[in-house]
Amino acid sequence: MRENSIDAIVRRIGPSARVTVLTGAGVSAASGVPTFRGKDGLWKSYAAERLATPEAFASDPRLVWEWYDWRRTLISRCRPNGAHRTLALWGRRYEGFRLITQNVDGLDEKAGSEGVIRFHGSIWEVFCLDGCARSPRRWVLDEAPLGHIPPSCPWCGGLVRPGVVWFGEGIDPEVLRRADAALDCDLFLAVGTSALVYPAAGLVDAARRRGAFTVEINREATPATGRVDLAVQGGAEEVLGLLERRLGGRE
Ligand code: NAD
Ligand code: ZN
């Protein structure tokens, strides 16, 4: 069964194929980055859904920044795994390859990926909460752990916030436009994502409506499992590794 699935995917990856991959937290799990769902996603018994919101930040910016500081410090010690490396390789090898990630950890760039469509922003970027006139739209703040919590805007002295998309917030229109263009593809792989967080969770269905062959790769079943053309159960690092061994052997 697994062999047939791998074959069905490999057949659709080639020099002129348009391949789009959407990744979620499961892709970074093997690097040691905690996913949001499951008990390892908890921090001091807070669920991510209670901290990654504009309301939480408005009521207690220090608490939210302490959580981000913990995550940033943890991620700063993590290295890309085989899944990130395979995706970076495909980005160099196949002209029509596009990568959309919901991850904010930056491990794809560390693995060498370029032009990543960062659906939910980056944990290494911040912006001025007031959007003061002199500050850039966003900038990199990669000190981890931070010397001072909460960090302040160097231009106005006010609060800065993480450059990520929180629950209840909209996606950057330019990012949405690039993601939408990437839905015009021959093969769409949704890898290591719980398919619960919208609008990202709707991308696989939209790609299928536009004619793409859709595949889910996940350790567990998700709400998307019954809606894709093919579901492969397994770790992202393992299944992408299998695919690459077959593809690499073909050259
Ligand atoms: P999620 O935490 O909701 O779900 C993780 C999914 O990965 C689950 O379906 C799980 O079964 C699967 N999984 C776990 N280990 C796996 C593995 N080794 N291989 C394949 N699949 C595996 O994550 P989500 O769907 O990405 O949504 C949560 C939101 O939280 C995202 O929007 C993202 O921005 C954010 N987030 C990011 C990171 C990160 O940057 N690494 C980590 C946690 C959460
Ligand atoms: Zn400012």
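Just so it is clear, the structure is predicted and the values come from calculations on it, not from any experiment.

(A) Spatial organisation of the site of ligand 1. The full set close to ligand 1 counts 26 residues, and Arg37, Gln102, Asp105, His120 and Asn218 are the nearest of them. Interatomic distance of 2.7 Å between a side-chain N/O atom of Asn218 and an oxygen atom of ligand 1. When the free accessible area of ligand 1 is taken as 840 Å², the share hidden by the protein chains comes to 93%. Within the residue set of the shell around ligand 1, elements represented by two or more residues are α2 (26-29) and α10 (236-248). The element contributing the most residues to the shell around ligand 1 is α2, with 3 residues.

(B) View of the sheet that holds strand β4 (residues 121-128). One open sheet holds the 3 strands; their spatial order is β5-β4-β6, and the pairing between them is antiparallel. Looking along the sheet, the strands with just one partner apiece sit at the ends: β5 (139-140) and β6 (160-164). Looking at chain direction, β4 and β5 are connected through 2 bridges and run antiparallel. When the bridges of β5 are listed, Val126 appears paired with Trp139.

(C) Highlighting the coordination of the zinc ion (ligand 2). The protein atoms that coordinate the zinc ion (ligand 2) are Cys128 (SG), Cys132 (SG), Cys153 (SG) and Cys156 (SG), at distances spanning 2.3 to 2.4 Å. Coordination at the zinc ion (ligand 2) is tetrahedral, judged from the 4 donor atoms that bind it and the angles of 105 to 116° they form at the metal. Classification of Cys128 as buried rests on a relative accessible area of 4%.

(D) Inspection of the nonpolar core at higher detail. If you look at the biggest cluster of nonpolar residues, it comprises 29 residues, and the most contacted ones within it are Ile9, Trp90 and Val215. Those elements that provide at least two residues to this core are α1 (2-10), β1 (19-23), α6 (82-93), β2 (97-101), β7 (187-191), β8 (213-218), β9 (230-233) and α10. Grouped together as the second largest cluster of nonpolar side chains are 28 residues, Ala48, Val64, Cys78 and Leu107 included.

(E) Molecular detail of helix α5 (residues 61-76). Compared with an ideal rise of 1.5 Å per residue, which puts 16 residues at 22 Å, α5 spans 22 Å between its outermost C-alpha atoms and is within 8% of the ideal. Among the residues making up α5, those that are buried are Pro61, Leu63, Val64, Trp65, Trp67, Tyr68, Asp69, Arg71, Arg72, Thr73 and Ile75.

(F) Representation of the sheet that holds strand β3 (residues 117-118). The sheet built from 6 strands is open, its strands ordered β3-β2-β1-β7-β8-β9 with parallel pairing. Of all the strands in the sheet, just β3 and β9 have a single pairing partner and so form its edges. In this structure, β1 lies alongside β2, joined through 5 bridges in parallel fashion. Bridging from a neighbouring strand, Val21 pairs with Leu99 of β2. In the packing of α10 onto the sheet, the strands contacted are β7, β8 and β9, and the crossing angle to β8 comes to about 130°.

Thresholds, definitions, all that
- Residues numbered from 1 in each chain as written.
- Chains lettered and ligands numbered in written order.
- Predicted model: local features only at pLDDT ≥ 70, side-chain atom pairs only at ≥ 80, totals over all residues.
- Heavy atoms only, no water.
- Near = heavy atom within 4 Å.
- Polar contact = N/O pair within 3.5 Å; in protein donor to acceptor, adjacent residues only side chain to side chain.
- Areas by Shrake-Rupley, 256 points an atom, 1.4 Å probe, with all protein chains shown as cover.
- Helix = DSSP H or I, 4+ residues; strand = E, 2+ residues; numbered from the N terminus.
- Pairing = 2+ DSSP bridges.
- Donors = N, O, S within 2.8 Å, 3.2 Å for Na, K, Ca; no water.
- Tetrahedral: all angles 85-135°; square planar, octahedral: opposite > 155°, others 65-115°.
- Buried < 20%, exposed > 50% of the residue type's maximum accessible area, 1.4 Å probe, protein only.
- Core = buried A, V, L, I, M, F, W, Y, C linked by side-chain atoms within 4.5 Å.
- Expected span 1.5 Å × (residues − 1).
- Contact = heavy atoms within 4.5 Å.
- Axes fitted to C-alpha atoms, helices over the stretch in contact; angles between N-to-C directions.

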